[in-house]
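# Secondary and tertiary structure notes
Each chain is listed here by its residues.
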Amino acid sequence: MSDHVLDATGLKCPIPVLRARKAMKPLALGDVLEIHATDPSAELDFKNFCETTGYELISFQEQKDVLIMKIRKK
């Protein structure tokens, strides 16, 4: 199991989710993708993304106007 980071800061919906989908494909089961985004709709977008794909949204936090989400591939 390993962690990966996707910098989606400055990108608007739906690009962060599309890039996350692409980044998740080659990951092994149990791997975690950490996404950094600045789009205000990212929280809702990624909650919906995880619900529809079956990925697990592990955490969501905000640091200095950057939303940081961690998603586990299940």
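Just above sits the structure.
Attention in this report is confined to the structure presented alongside it. (Residues numbered from 1 in each chain as written. Predicted model: local features only at pLDDT ≥ 70, side-chain atom pairs only at ≥ 80, totals over all residues. Heavy atoms only, no water.)

Viewed as axis vectors pointing N to C, helix α1 (residues 15-24) and helix α2 (residues 42-53) meet at an angle of 35°, and their least axial separation amounts to 10 Å. At the point where α1 passes α2, the crossing takes the right-handed sense. When α1 is examined against α2, the residues Pro 16, Val 17, Ala 20 and Arg 21 are found in contact with a partner set consisting of Asp 45, Phe 46, Phe 49 and Thr 53. Here the residues of the contact of α1 with α2 sort into five nonpolar, one polar and two charged. (Axes fitted to C-alpha atoms, helices over the stretch in contact; angles between N-to-C directions. Helix = DSSP H or I, 4+ residues; strand = E, 2+ residues; numbered from the N terminus. Left-handed = near helix turned anticlockwise from the far one by under 90°. Contact = heavy atoms within 4.5 Å. Nonpolar A, V, L, I, M, F, W, Y, C, P; charged D, E, K, R; others polar.)

For the rest of this paragraph, the subject is the environment of Leu 57. Mapped onto the elements, Leu 57 comes out in strand β3 (residues 56-63). Look at Leu 57 and you get partly exposed, because its relative accessible area is 28%. A sequence separation of 10 residues divides Leu 57 from Lys 47, and the C-alpha atoms of the two residues are 7.0 Å apart. Look past the residues within four positions of Leu 57 in its chain and what remains in contact with it is Lys 47, Cys 50, Met 69, Lys 70 and Ile 71. (Buried < 20%, exposed > 50% of the residue type's maximum accessible area, 1.4 Å probe, protein only.)

Inspection of the secondary structure puts Asp 3 in strand β1 (residues 3-8). In sequence terms Asp 3 and Val 32 are 29 residues apart; their C-alpha atoms lie 4.8 Å from each other.

So, about the pattern of salt bridges. Side chains that differ in charge, positive against negative, can pair when their charged atoms come close. For the structure shown, the criterion picks out three salt bridges. A salt bridge links Glu 34 to Lys 70; the shortest N-O distance between them is 3.6 Å. One end of the pair, Glu 34, is in strand β2 (residues 32-37); the other, Lys 70, is in strand β4 (residues 66-72), and 36 residues separate them in sequence. With a relative accessible area of 19%, Glu 34 lands in the buried category. (Salt bridge = Lys/Arg side-chain N within 4 Å of Asp/Glu carboxyl O.)

It is worth spelling out the nonpolar core at this point. One broad trend across soluble globular proteins is that nonpolar side chains are buried collectively. In terms of nonpolar packing, the biggest core is built from 17 residues, with Ala 20, Leu 33, Ile 35, Phe 46, Phe 49, Met 69 and Ile 71 touching the most fellow members. Where this core is concerned, the elements lending two or more residues are β1, α1, β2, α2 and β4. Ranked by the residues each element gives to this core, the list is headed by α2, at four residues. Every residue in contact with Phe 46, bar those within four places of it in the chain, is listed here: Pro 16, Val 17, Ala 20, Ile 35, Met 69 and Ile 71. (Core = buried A, V, L, I, M, F, W, Y, C linked by side-chain atoms within 4.5 Å.)

This paragraph deals with the sheet that holds β2. As summarised here, the arrangement of the four strands in space is β1-β2-β4-β3, forming an open sheet in which the pairing is mixed. Sheet topology places β1 and β3 at the edges, where each strand pairs with a single neighbour. On average, each strand axis in the sheet is inclined to that of its neighbour by 15°, with strand direction left out of account. Judged from the six bridges that link them, β1 and β2 form a sheet pairing that is parallel. Within the sheet, the bridge partner assigned to Val 5 lies in β2 and is Glu 34. Set on the sheet, α2 makes contact with β2, β3 and β4; between it and β4 the angle comes to about 10°. (Pairing = 2+ DSSP bridges.)

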